[in-house]
Amino acid sequence: FGNFIDDLRLYVRGGTGGMGYPRLGGEGGRGGDVWFVARERTTLKSIKERYPQKRFVAGAGANSSVKALKGEKGKDCEVHVPPGISVLCDDGKQIGELNAPGERFLAARGGVGGSLVTNFMPCKGQRRIVRLDLKLIADVGLVGFPNAGKSSLLSKISHAKPQIADYAFTTVQPELGKIMYADYKQISVADLPGLIEGAHENKGMGHKFLKHVERTKQLLLVVDISGFQLSMKTQFRTAFETILLLTKELELYNEELLTKPVLLAINKMDLPCAKDNLSELKKQLQNPQDFLHLLQEEMIPANTLEFKDIIPMSTYTGEGIEELKSCIRKSIDEEAEQKNEEYRKKKLLLLQTSK
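Residues numbered from 1 in each chain as written. Predicted model: local features only at pLDDT ≥ 70, side-chain atom pairs only at ≥ 80, totals over all residues. Heavy atoms only, no water.

For the chain, the name recorded in an unreviewed UniProt entry is GTP-binding protein 10, with Trogon melanurus as its organism. Comment text from UniProt for the chain, heading Sequence similarities (unreviewed entry), reads "Belongs to the TRAFAC class OBG-HflX-like GTPase superfamily. OBG GTPase family." Per its UniProt entry, the chain bears the Subcellular location (unreviewed entry) comment "Nucleus, Nucleolus". (UniProt positions renumbered as here; feature names shortened; annotations may be inferred.)

## Points about a nonpolar patch on the surface
Side chains of Leu24, Val66 and Leu69 sit close together on the surface and give an oily, nonpolar patch of about 260 Å² of accessible area. Note on placement: Leu24 falls in the loop between strand 1 (7–13) and strand 2 (34–38). Looking at Leu24, the relative accessible area reads 43%, which means it is partly exposed. (Patch = residues over 30% accessible without salt bridge, like charges linked within 9 Å, V, L, I, M, F, W, Y side chains within 5 Å. Areas by Shrake-Rupley, 256 points an atom, 1.4 Å probe, with all protein chains shown as cover. Salt bridge = Lys/Arg side-chain N within 4 Å of Asp/Glu carboxyl O. Helix = DSSP H or I, 4+ residues; strand = E, 2+ residues; numbered from the N terminus. Buried < 20%, exposed > 50% of the residue type's maximum accessible area, 1.4 Å probe, protein only.)

## Digging into the packing of aromatic side chains
All chains considered together, the criterion is met by three aromatic pairs. With a centroid separation of 4.9 Å and 65° between ring planes, the pair formed by Tyr51 and Phe56 is classed as edge-to-face. For Tyr51, a relative accessible area of 31% corresponds to the partly exposed category. A residue is classified by how much of its surface remains accessible, and Phe56, at 4% relative accessible area, is buried. Positioned above the aromatic ring of Trp35 is the side chain of Arg104, whose terminal nitrogen or guanidinium carbon lies 4.6 Å from the ring centre. (Phe/Tyr/Trp six-rings, centres within 6.5 Å; stacked < 30°, edge-to-face > 60°. Lys NZ or Arg CZ within 6 Å of the ring centre and 35° of its normal.)

## Quick notes on the environment of Leu252
Relative to the elements of secondary structure, Leu252 occurs in helix 4 (residues 239–253). Separated by 50 residues in the primary sequence, Leu252 and Ala302 place their C-alpha atoms 9.8 Å from one another.

## Structural notes on the domain arrangement of the chain
Entries for the chain in the domain assignment read domain 1 (7–134) and domain 2 (138–339). Summarising the inter-unit geometry, the C-alpha centres of domain 1 and domain 2 are found 43 Å apart. (Domains from an automatic or database assignment.)

## Some words on the layout of surface pockets
Where empty space is left can be seen by rolling a probe of water-molecule size over the atoms. Here the largest pocket defines a volume of roughly 960 Å³. Arg41, Pro83, Leu136, Ile137 and Leu176 are the residues nearest the centre of the largest pocket, which is lined by 30 residues in total. Among the secondary structure elements, those contributing two or more residues to the lining of the largest pocket are helix 1 (44–50), strand 10 (175–180) and strand 11 (186–191). Per-element accounting of the lining of the largest pocket gives the leading share, four residues, to strand 10. Looking at side-chain class alone, the lining of the largest pocket contains 14 nonpolar, eight polar and eight charged residues. The residue makeup of the lining of the largest pocket includes at least three contributed by each of domain 1 (7–134) and domain 2 (138–339). (1 Å grid on protein atoms, 1.4 Å probe; cavity = no way out; pocket = protein on both sides within 12 Å on 5 of 7 lines; lining within 4 Å. Points joined across faces, edges and corners; volume = space filled by probe spheres on them. Nonpolar A, V, L, I, M, F, W, Y, C, P; charged D, E, K, R; others polar.)

## Description of the sheet that holds strand 1
Two pairing modes exist for strands in a sheet, parallel and antiparallel, and in both the strands are linked by backbone hydrogen bonds. With respect to topology, five strands assemble into an open sheet ordered 3-1-8-5-6, the strand pairing being mixed. A strand with exactly one partner marks an edge of an open sheet, and here the two such strands are strand 3 (55–57) and strand 6 (94–98). Averaged over all neighbouring strand pairs, the angle between strand axes comes to 25°, with direction disregarded. Here five bridges tie strand 5 (residues 85–89) to strand 8 (residues 127–134), and the two strands are oriented antiparallel to one another. Within the sheet, the bridge partner assigned to Ser86 lies in strand 8 and is Asp133. (Pairing = 2+ DSSP bridges. Axes fitted to C-alpha atoms, helices over the stretch in contact; angles between N-to-C directions.)

## Some words on the sheet that holds strand 11
On the basis of which strands lie adjacent, the open sheet formed by six strands has the order 10-11-9-12-13-14 and mixed pairing. Among the strands making up the open sheet, the edge pair consists of strand 10 and strand 14 (307–312). Shown here is a sheet whose adjacent strand axes are inclined to one another by a mean of 25°, direction ignored. Pairing between strand 13 (residues 262–267) and strand 14: five bridges, direction parallel. By the bridge assignment, Val262 is partnered in strand 14 with Phe307. Lying over the sheet, helix 6 (residues 321–354) contacts strand 9 (140–143), strand 10, strand 11, strand 12 (218–224), strand 13 and strand 14, oriented at roughly 170° with respect to strand 14. (Contact = heavy atoms within 4.5 Å.)

## Looking at the packing of helix 2 (residues 150–157) against helix 6
Relative to each other, helix 2 and helix 6 sit at 80°, their axes nearing to 11 Å. The orientation of helix 2 with respect to helix 6, classified from their angle, is roughly perpendicular. Contacts between helix 2 and helix 6 pair Leu153, Lys156 and Ile157 from the former with Ile321, Leu324 and Lys325 from the latter. For the contact of helix 2 with helix 6, the class distribution of residues is four nonpolar, no polar and two charged. (Parallel < 35°, antiparallel > 145°, perpendicular 65-115°, else oblique.)

## Regarding helix 5 (residues 274–286)
An ideal rise of 1.5 Å per residue puts 18 Å on 13 residues; helix 5 measures up with 18 Å between its terminal C-alpha atoms. Every buried residue belonging to helix 5 is among Ala274, Leu278, Leu281 and Gln284, and all of these are buried. For helix 5, the angular spread of the buried residues around the axis is 125°, confining them to a single face. The exposed residues of helix 5 that point more than 90 degrees off its buried face are Lys275, Asp276, Lys283 and Gln286. Its buried side turned inward, helix 5 meets helix 4, strand 13 and strand 14. (Expected span 1.5 Å × (residues − 1). Arc of directions from axis to C-beta.)

## Topic: the environment of Ala274
Among the structural elements, Ala274 can be located in helix 5. Put simply, Ala274 and Lys211 are 63 residues apart on the chain and 33 Å apart in space, counted from C-alpha to C-alpha.

## Observations concerning the pattern of salt bridges
Overall, the coordinates contain 21 salt bridges when judged by the stated rule. The partner of Asp139 in a salt bridge is Lys217, and the shortest N-O contact between them spans 3.2 Å. Of the two residues, Asp139 is situated in the loop between strand 8 and strand 9 and Lys217 in the loop between helix 3 (206–209) and strand 12; the sequence distance between them amounts to 78 residues. Notably, a salt bridge pairs Lys308 with Glu334, separated by 3.2 Å at the nearest N-O pair. Here Lys308, found in strand 14, pairs with Glu334, found in helix 6; they are 26 residues apart in sequence, far enough to count as distant. Among the charged side chains, a network of salt bridges with common partners joins Asp183, Lys185, Arg329 and Asp333.

Encoded structure:
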């Protein structure tokens, strides 16, 4: 999966407390703590390269002495991690998450120093194995089958330079780009490796990266107007069937993904017969129930997606690119306004109830 790492297992241990001083009732210093701190421009790959042992141990507390009856606390160990991290125990249970730069999580607490309570003997620090699970945080997530033109689209609308070629699975790791607008507004876009039928069952490569869609605010489905066929052995799918299959994969992975606002980009409008295919697709999308018989029953999604906008475009000629950027901006702004309105109503309700 290229050089991209979105999962890392670490050993963390808090520092041991310092020895107490029984004769004078002195207390040993507390052991240092291990903290995860979210920082921008940090990757899990850089952590792995910088700390190949993947062990993080905090400093021990100072012993109590005649000169200092209260021992000093041990040195804390800070591990810089990228925003968008979920911290999991070794058994898979989530114990914390870091979503914004500057957020901190206590991974391992230091042991208490020796005192009268502990018979002046120090305690060892907390130790455990944790897993850092990264989910990209982006405004928009590009979803589609291989070779639909997601990477080409990302290179057209942002400054990102993903690998582009005329074969399936060109994208082998998530790519992040930013759309820059004239008023300096920035919208981040994540291009994920293409899904295939059965992605939710770990088929292909897209399943590994489906989790990154969870933290995107909106989805942008990118569909080839001429349809899709992975290989000679697999069945050809029309653009309409592709949309249904993508919906099914998202639904089987996590039903909540279908509650996100969705835009539909119909790519490769420069191809012959594209306009005829587009008019046919629009008919099918207006009344999807009438065309569900085209797919086998187990491939039909329980809920069909409702698109906020459908934008015909071509990454080859540049047709529809500006319109798509405007639609993305409008959709993101509408969602932000809606959240602000909900927040205002909630605050107003709290004020009224407190009175």
